[in-house]
Amino acid sequence: MEFIQNEIKEIKDLLLALNIQQKEILTVEDATVYLQLSKSCLFKMTSKKEIPFYKPGGKKIYFKKSELDEWIFNGKVLSNDELDTDVEDYLSRTSKNLAS
């Protein structure tokens, strides 16, 4: 019986995720599932204006999924190889400027 309940919960979670994928405007509840964050974390981020959101009428908070995607991708952490390449590029530009 427990196995069946777990399977049903998993199916419900998948359906919820699929439903969220098809939406463009997300509620706080949708955004918590989409970003895999707690509600309190999401509210802290909105109060600090760290994440793009909409508050029409000053009450409910909404998110545009494409802006959340952009926000996620703007937070890229460079790998060591990318950092090394950036340093090498900077040093080569700097040494050329000093030689001139």
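Each remark here, short or long, concerns the structure printed above.
Residues numbered from 1 in each chain as written. Predicted model: local features only at pLDDT ≥ 70, side-chain atom pairs only at ≥ 80, totals over all residues. Heavy atoms only, no water.

Chemist: Sorry, what's going on with the overall build of the chain here?
Modeler: A tally of regular secondary structure across the chain gives five helices and two strands. Of the regular secondary structure in the chain, the N- to C-terminal order runs α-β-α-α-β-α-α. Compactness check: the chain gives a C-alpha radius of gyration of 21 Å against a globular reference of 13 Å for 100 residues, more than 25% above the reference. Taken along the three principal axes of its C-alpha coordinates, the chain extends 75 × 40 × 25 Å. Contacts spanning at least 24 positions in sequence make up 39% of the contacts within the chain whose residues lie at least 6 apart. Approximately 8100 Å² of the chain is accessible, and the part contributed by carbon and sulfur atoms is 57%. Taking the average location of the 15 positive side-chain charges in the chain and that of its 17 negative ones, the two points are 11 Å from each other. (Helix = DSSP H or I, 4+ residues; strand = E, 2+ residues; numbered from the N terminus. Rg over C-alpha atoms; globule rule 2.2 N^0.38 Å. Contact = heavy atoms within 4.5 Å. Areas by Shrake-Rupley, 256 points an atom, 1.4 Å probe, with all protein chains shown as cover. Lys, Arg positive; Asp, Glu negative; His and termini not counted. Charge placed at Lys NZ, Arg CZ, Asp CG, Glu CD.)

Chemist: Can you help me understand the pattern of salt bridges in this one?
Modeler: Pairing between side chains of opposite charge can happen when their charged atoms approach one another. In total, this model carries four salt bridges according to the counting rule given. Aspartate 13 is the partner of lysine 9 in a salt bridge, and the nearest nitrogen-oxygen pair spans 3.0 Å. Of this pair, lysine 9 and aspartate 13 are both found in helix H1 (residues 2–22), four residues apart, which corresponds to roughly one turn of the helix. Here aspartate 13 falls in the partly exposed class, since its relative accessible area comes to 40%. The salt bridge partner of lysine 23 is aspartate 30, with a shortest N-O separation of 2.8 Å. Exposure remark for aspartate 30: the relative accessible area of 9% places this residue in the buried category. (Salt bridge = Lys/Arg side-chain N within 4 Å of Asp/Glu carboxyl O. Buried < 20%, exposed > 50% of the residue type's maximum accessible area, 1.4 Å probe, protein only.)

Chemist: Looking at this structure, how should I read the nonpolar core?
Modeler: The tendency in soluble globular proteins is for nonpolar side chains to be buried side by side. Residues Ile20, Leu26, Val28, Ala31, Leu35, Leu42, Met45, Ile51, Ile61, Phe63 and Leu68 constitute the largest nonpolar core, which totals 11 residues. Here this core gets three residues from one element, more than from any other, and that element is helix H2 (residues 28–35). (Core = buried A, V, L, I, M, F, W, Y, C linked by side-chain atoms within 4.5 Å.)

Chemist: Just checking my understanding: could you explain a negative patch on the surface for this structure?
Modeler: Side chains of Asp81, Asp84, Asp86, Glu88 and Asp89 sit close together on the surface and give a patch of like negative charge. According to the relative accessible area criterion, glutamate 88 is exposed, its value standing at 53%. (Patch = residues over 30% accessible without salt bridge, like charges linked within 9 Å, V, L, I, M, F, W, Y side chains within 5 Å.)

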